[in-house]
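Inside the fold
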Amino acid sequence: MEKEKIVVAKFGGSSLADAEHFRKVKKIVESDPARRYVVPSAPGKRSREDEKVTDLLYQCSAEAHRGGDYVSVLNKIKKRYQEIIDELELDVSLEREFAVIEQAFLSDAGAQYAASRGEYLNGILLAAFLGYEFVDAAEVVRFDRNGVFEDERTNFFLNERLSRTERAVVPGFYGADDAGNIHTFSRGGSDVSGAIVARAVQAELYENWTDVSGFLLTDPTIVDHPKKINAMTYAELRELSYRGATVLHEEAVYPVRREGISIHIRNTNHPEENGTFIRRKIRPEEEVAITGIAGKKNFVAVSIEKNRMNAQIGFVKKMLEAFEENEIAFEHLPSGIDTISVILQKDEFERKKDSIMESLHRLLKPDHITVDPDLAMVTVVGKGMRSVSGIAARFFSSLGRADVNIKMIDMGSNEINCTIGVKNDDFDRAIRALYDELVE
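Residues numbered from 1 in each chain as written. Predicted model: local features only at pLDDT ≥ 70, side-chain atom pairs only at ≥ 80, totals over all residues. Heavy atoms only, no water.

Throughout the structure, instances matching the rule amount to 27 salt bridges. Between Arg 46 and Asp 50 there is a salt bridge, and its shortest N-O distance comes to 2.6 Å. When the shortest N-O distance is used, the salt bridge between Lys 76 and Glu 51 registers 3.4 Å. Remark: Glu 51 occurs in the loop between strand 2 (35-40) and helix 2 (53-65) and Lys 76 occurs in helix 3 (residues 70-88); sequence separation between them is 25 residues. Judged by relative accessible area, Glu 51 falls into the partly exposed class, the value being 33%. Through salt bridges with shared partners, one network takes in Asp 151, Glu 152, Arg 199, Arg 258 and Glu 259. (Salt bridge = Lys/Arg side-chain N within 4 Å of Asp/Glu carboxyl O. Helix = DSSP H or I, 4+ residues; strand = E, 2+ residues; numbered from the N terminus. Buried < 20%, exposed > 50% of the residue type's maximum accessible area, 1.4 Å probe, protein only.)

In this section: the side chain of Lys 306. Note that Lys 306 resides in the loop between strand 11 (292-305) and helix 11 (315-324). Lacking a salt bridge, the buried Lys 306 has Asp 367 as its closest oppositely charged neighbour, with an N-O distance of 6.2 Å. Among the polar contacts made by the side chain of Lys 306, one reaches the main-chain carbonyl oxygen of Lys 365 at a distance of 3.3 Å. If we skip the residues at most four places from it in the chain, Lys 306 touches Gln 312, Phe 315, Asp 338, Leu 364, Lys 365, Pro 366 and Asp 367. (Lys, Arg positive; Asp, Glu negative; His and termini not counted. Polar contact = N/O pair within 3.5 Å; in protein donor to acceptor, adjacent residues only side chain to side chain. Contact = heavy atoms within 4.5 Å.)

The 5 strands are arranged 12-11-13-15-14 in an open sheet whose pairing can be described as antiparallel. Looking at which strands have only one partner, the edges of the open sheet turn out to be strand 12 (339-345) and strand 14 (408-411). Strand-to-strand twist across the sheet, computed as the mean angle between neighbouring axes with direction ignored, equals 30 degrees. In this structure, strand 14 lies alongside strand 15 (residues 417-422), joined through 4 bridges in antiparallel fashion. (Pairing = 2+ DSSP bridges. Axes fitted to C-alpha atoms, helices over the stretch in contact; angles between N-to-C directions.)

In terms of residue burial, helix 9 (residues 234-243) counts as a mostly covered element, since 7 of its 10 residues are buried. Buried within helix 9 are the following residues: Tyr 234, Glu 236, Leu 237, Glu 239, Leu 240, Ser 241 and Arg 243.

Another point: the nonpolar core. With 84 residues, the main nonpolar core has Val 8, Phe 11, Ile 77 and Leu 162 as its most contacted residues. It is helix 5 (residues 111-130) that provides the largest number of residues to this core, a total of 10 residues. Beyond its immediate sequence surroundings of up to four residues, Val 8 is in contact with Tyr 37, Val 39, Gly 194, Val 197, Ala 198, Val 201, Ala 203, Leu 205, Tyr 206 and Glu 207. In terms of nonpolar packing, the next biggest core, distinct from the first, is built from 24 residues, Val 223, Leu 399, Ala 433 and Tyr 435 among them. (Core = buried A, V, L, I, M, F, W, Y, C linked by side-chain atoms within 4.5 Å.)

Among the residues making up helix 14 (residues 391-401), those that are buried are Ile 391, Phe 395, Ser 398 and Leu 399. Projected down its long axis, helix 14 shows its buried positions confined to an angular sector of 95 degrees, all on one face. Set apart from the buried face of helix 14 by more than 90 degrees, the exposed residues are Ala 393, Gly 400 and Arg 401. Tucked inside the fold, the buried residues of helix 14 contact strand 13 (368-381), strand 15 and helix 15 (427-438). Count one or two residues on from helix 14 and you reach Asp 403, which has phi positive near 60 degrees. (Arc of directions from axis to C-beta.)

Here's what the structure looks like:
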């Protein structure tokens, strides 16, 4: 007997910002009977000047905590949802839910609880509008009491619940521990929720609906009208998301990757467009040399110099211990014979600078430590780079012609990425130069 096709559709905040977008979502869901499980975000901005509901919830919770005027903010949130209810003529009241939320805010339920309520309320409305069952993520998405996501327990609970539910809306971004305390994923975590649901129901496809028609090769605020990539691998997506591309949360790859479930990035406002497929392997005709160019600003390079460092057993272990005891993660680790550099996020380093430097001097007894506080990281990603001769020469010559000074080079061992460090002021120029040379 042929397995029934199941598609999980996640809709971002921009796709559910108002009643008009709710109608677009319903039309999309109903156009394919396989879209049986829907994962919504909280309402996003309706215009550039508008506020996200999640931000209002944070604000409301903070005002209640300090005894401020939380009521005016809460009324603004209520109005936002009531407008959707009225325009869609839904037979739904959120009065009881808002009474619970208000009491929780006054009892100092915390920021994670506050942030989760946008998805929770939106899920109730979307379920009513679609005629689907509402399944509260707090009942099926499990965290431990420290807020660490429990993937296998979650998969069990979700699979058990949704196997008995023909069509359901499961709000994204949050779950709960066994005591009922709400925990959230990091910002944008509804992408992760969608992937978790796709894994649990063994979906054939995980659709991620947003306000762009797939992955662009680079940031459109830096390069005018960059090309769209039609397909990429999970590994390439992970690299680009981690390096700064914002279409999909980087952690959304893991749940579907292990099951071989494809991801399809699509545009709610233009559902006729093809979007971008993310698969375990892409077809030969889809392969390109460069999948994307991404990056982030505001890093520091901590360079440690010690004579005959390469001959000292355990030197790197001690160095990493210095960062571990300060609970700080590193981004890159380029090295030479007598020097090694650690690339860190600037804000994290600045908060713990004195403690980190003390640990490094105590554990390593270096000859010198220098800190470069002006570093941006730019990464070129592409599985096809392995098979294209001369691409490295073009890479570096394009930066030379653009008068961009390279401060650091790190070639990934998997040969699908090359990362450079440049001055923050050179960040945009570096991306434009690389795009013009390697893509155009």
